[in-house]
Amino acid sequence: MGSDSLTEAHDRERGDDTDLAIRTNELTKSFGDHVAVDHLNLAIPQVHVYGFLGPNGAGKTTAMRMLTTLLPPTEGTATVMGTPLTDREAVTRHVGYLPEDPPVYEELTGLEQLSYAAFLHDIPDEVGTGRIKDLLFRFDMTDYADRRISTYSKGMRQKIGLIQALLHEPAVVFLDEPTSGLDPRAARTVLDVIEELVDEETTVFLSTHILSVVDELADTIGVLHEGRLVAEGSPDDLKHRAETGEERTLEQAFLEVTADHQESEDTAEIQS
């Protein structure tokens, strides 16, 4: 889908932000002369899995950090569950965030880390204890809950980070490489949990380099290239070559979309 089609699609979708899980309007983040996210426009429905793809350095993590209020935008606006990013306290109640490197205190045990996270979210002790117990069991972490996080493998830290992101039952969950460091069984558990979250009316914003995961789970895919949204559609839309009727794999579609835009930029530089 070309940039004109993207603009038209978002214009058609514009309406009451309370009907959307995520809305961005020209959302931009610059670091000096470098534009990491360039006028990003998204309109993501509630109870939806949005796959966010792009090469390394495309701006995916920067976009997610803005949408979770960890980075202020340079330009533009955004809402999460109808709440503007400027209302940081309200937005953080709506969102859970699992970064690629989960924020944990190594000197704490897994149970202490999760109890602290529950405290920060004002979850009553009896409720938090039950949720922690259930999630530890779901991720096969019960036997490791009393061990210090400093002894955990990367995969175990990832599990604790995901449990931490889900504890307060957020309406929108942002997952940045959620299967990183996990063995196949644990990765399958994460994918099953994502499906369960949608069944529980949660919106999932998923960034991963594992295209088969996005192909399996995503309702809509957005492709970011050098900070710009260059393609958007369902997995089937992106895999279908309209002019020939040919079906591609998602990997082929992704490589073609990013290559086409790189060639266009290189040509523009030569001509300028």
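Chemist: Explain the sheet that holds strand S3 (residues 49–53) to me, please; I cannot follow it from the model alone.
Modeler: Spatial strand order, S6-S7-S8-S3-S9-S10: six strands in an open sheet with mixed pairing. At either end of the open sheet lies a strand with only one pairing partner, and these are strand S6 (95–98) and strand S10 (228–233). Going across the sheet, the axis of each strand differs from the next one's by a mean of 15°, ignoring polarity. As paired strands, S6 and strand S7 (residues 172–176) are joined by four bridges and run parallel to one another. If you follow Tyr97 over to S7, its bridge partner there is Phe174.

Chemist: I'm lost on helix H5 (residues 125–138) in this one. Help?
Modeler: Each full turn of the α-helix corresponds to 3.6 residues, which orients residues three or four apart in the same direction. For H5, with 14 residues, the first-to-last C-alpha span of 20 Å sits near the 20 Å given by 1.5 Å per residue. For H5, the complete set of buried residues consists of Gly128, Ile132, Leu135 and Leu136. Buried residues of H5, seen end-on, are gathered within an arc of 100° and therefore sit on one face of the element. Structural note: H5 exposes Glu126, Lys133, Asp134 and Phe137 on the side pointing more than 90 degrees away from its buried face. Looking at the buried residues of H5, the elements they touch are helix H4 (110–120) and helix H6 (154–166). At the C-terminal side of H5, Asp140 shows a positive phi close to 55°.

Chemist: Any chance you could explain the environment of Gly233 here in plain terms?
Modeler: Along the chain, Gly233 turns up in strand S10. Residues Gly233 and Ile221 lie 12 residues apart in sequence; the distance between their C-alpha atoms is 5.5 Å. Among all residues touching Gly233, those that are not within four sequence positions of it are Thr220, Ile221 and Leu238.

Chemist: I tried to follow the packing of aromatic side chains on my own but got confused; where do I start?
Modeler: Aromatic ring pairs are defined here through the distance separating the ring centres and the angle between the ring planes. Tallied over the full model, the rule gives five aromatic pairs. Geometrically, the ring pair formed by Tyr50 and Phe52 is tilted, given 6.3 Å between the ring centres and 45° between the ring planes. Comparing Tyr50 with Phe52 shows no difference in burial state: the two are buried. Between Phe174 and Phe205 the ring centres are 5.3 Å apart and the planes differ by 45°, which places this aromatic pair in the tilted class. One end of the pair, Phe174, is in strand S7; the other, Phe205, is in strand S8 (residues 203–207), and 31 residues separate them in sequence.

Chemist: I keep staring at the environment of Leu98 and nothing clicks. Help me out?
Modeler: Among the secondary structure elements, Leu98 is positioned in strand S6. Along the primary structure Leu98 and Gln164 are separated by 66 residues, whereas in three dimensions their C-alpha atoms are 8.2 Å apart. Ignoring sequence-local partners within four residues, the contact set of Leu98 consists of Gln158, Gly161, Leu162, Ala165, Phe174, Leu175, Asp176 and Pro178.

Chemist: Mind showing me how you'd approach the sheet that holds strand S5 (residues 83–84) here?
Modeler: Think of a sheet as strands paired side by side through backbone hydrogen bonds, with each pair either parallel or antiparallel. Here four strands make up an open sheet; going across it, the order is S2-S1-S4-S5 and the pairing antiparallel. Each having just a single partner strand, strand S2 (34–45) and S5 make up the two edges of the open sheet. Pairing between strand S1 (residues 20–31) and strand S4 (residues 75–80): five bridges, direction antiparallel. By the bridge assignment for S4, Ile22 is matched with Val80. Sitting on the sheet, helix H2 (residues 60–67) is in contact with S1, S2 and S4, with an inclination near 120° to S1.

Chemist: Please explain the side chain of Thr68 as it appears in this structure.
Modeler: With respect to the helices and strands, the residue Thr68 is situated in the loop between H2 and S4. Owing to a relative accessible area of 4%, Thr68 belongs among the buried residues under this scheme. For Thr68, the side chain forms a polar contact with the main-chain oxygen of Met64, separated by 2.8 Å. Once you skip the residues sitting within four places of it in the chain, Thr68 turns out to touch Val95, Tyr97 and Phe174.

Chemist: What am I meant to see in the confidence of the model for the protein chain here?
Modeler: Atomic detail in the predicted coordinates should be set aside for any region of low pLDDT. Averaged over all residues, the pLDDT of the protein chain equals 88, while 87% of them reach at least 70. The low-confidence segment residues 1–15 (pLDDT under 50) makes 20 contacts with residues lying over four places distant or belonging to another chain. Note that pLDDT drops below 50 for residues 266–272; the model gives that stretch zero contacts with residues more than four away or on any other chain.

So, how was this worked out
Residues numbered from 1 in each chain as written. Predicted model: local features only at pLDDT ≥ 70, side-chain atom pairs only at ≥ 80, totals over all residues. Heavy atoms only, no water. Pairing = 2+ DSSP bridges. Helix = DSSP H or I, 4+ residues; strand = E, 2+ residues; numbered from the N terminus. Axes fitted to C-alpha atoms, helices over the stretch in contact; angles between N-to-C directions. Expected span 1.5 Å × (residues − 1). Buried < 20%, exposed > 50% of the residue type's maximum accessible area, 1.4 Å probe, protein only. Arc of directions from axis to C-beta. Contact = heavy atoms within 4.5 Å. Phe/Tyr/Trp six-rings, centres within 6.5 Å; stacked < 30°, edge-to-face > 60°. Polar contact = N/O pair within 3.5 Å; in protein donor to acceptor, adjacent residues only side chain to side chain. pLDDT = per-residue confidence, 0-100.

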